[in-house]
Amino acid sequence: MSNKHNRLEELVARLRERGCRLTPQRMAVLKILTAGNCHPSVQEIYCQVRDEFPMMSLATVYSTLALLKEMGEVQELSWDGCRRYDAASSSPHPHLICLQCGEIVDLESDLLGNVADEIARRTGYQIVSHRFEFFAICPRCQEAACAASVGG
């Protein structure tokens, strides 16, 4: 059984625990969120689900994401007016975001060690949640920029 399938089952179980309805449309949203290492936008989710459920509204996607966010089961990544969603894990983990193409890569959380614990220890704050996002230019965009400058 793959991690993706396990994560989908986790989300379904958590929603059932809360007494939430698991409509076919909601299940389709969950499947998209747990498929691969994607970090889709609301519009991307909506377009994919609409192929299977043409009568579904955008509000269904928003309400499902809001519920999952409230439950702590999805992370909303936002920058420059762009919002993307990550349901790969319920625990916070760092992301690397390309400012040119928007690609998002999940980073291994062990790269940062126990930064949140150390900050809490040093400051006395009780950390409730955290986000680590690194904004950069991916190798593909760097290469394209280099090729454009050489060719132009």
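Everything that follows concerns the structure shown earlier in this document.
Caption draft 1: Quick peek at the overall build of the protein chain. Across its full length, the protein chain holds six helices and five strands. Of the regular secondary structure in the protein chain, the N- to C-terminal order runs α-α-α-α-β-β-β-β-α-β-α. Taken along the three principal axes of its C-alpha coordinates, the protein chain extends 55 × 50 × 35 Å. Here the protein chain holds 152 residues, and 34% of them are scored as buried. Each charge sign in the protein chain was given a centre, from 16 positive and 19 negative side chains, and these centres are 6 Å apart.

Caption draft 2: Geometry of the environment of Ser41. Following the sequence through the fold, Ser41 ends up in the loop between helix 2 (24–34) and helix 3 (42–52). For Ser41, a relative accessible area of 16% translates into the label buried. A sequence separation of 43 residues divides Ser41 from Arg84, and the C-alpha atoms of the two residues are 4.4 Å apart. Each residue touching Ser41, except ones within four places of it in the same chain, is listed here: Arg83 and Arg84.

Caption draft 3: Summary view of a nonpolar patch on the surface. The grouping of Leu96, Val105 and Phe134 at the surface amounts to a nonpolar patch, some 210 Å² of accessible area in total. Positionally, Val105 belongs in strand 4 (residues 104–106). The exposure class of Val105 is partly exposed, given its relative accessible area of 33%.

Caption draft 4: Here's a closer look at the nonpolar core. One finds Leu30, Leu33, Ile45, Val49 and Val61 to be the most contacted residues of the largest nonpolar core, which totals 25 residues. Per-element tally for this core: the top contributor is helix 2, with six residues. If we ignore the near neighbours within four places in the chain, the residues touching Val49 are Gln25, Ala28, Val29, Ile32 and Met56.

Thresholds applied
- Residues numbered from 1 in each chain as written.
- Predicted model: local features only at pLDDT ≥ 70, side-chain atom pairs only at ≥ 80, totals over all residues.
- Heavy atoms only, no water.
- Helix = DSSP H or I, 4+ residues; strand = E, 2+ residues; numbered from the N terminus.
- Buried < 20%, exposed > 50% of the residue type's maximum accessible area, 1.4 Å probe, protein only.
- Lys, Arg positive; Asp, Glu negative; His and termini not counted.
- Charge placed at Lys NZ, Arg CZ, Asp CG, Glu CD.
- Contact = heavy atoms within 4.5 Å.
- Patch = residues over 30% accessible without salt bridge, like charges linked within 9 Å, V, L, I, M, F, W, Y side chains within 5 Å.
- Areas by Shrake-Rupley, 256 points an atom, 1.4 Å probe, with all protein chains shown as cover.
- Salt bridge = Lys/Arg side-chain N within 4 Å of Asp/Glu carboxyl O.
- Core = buried A, V, L, I, M, F, W, Y, C linked by side-chain atoms within 4.5 Å.

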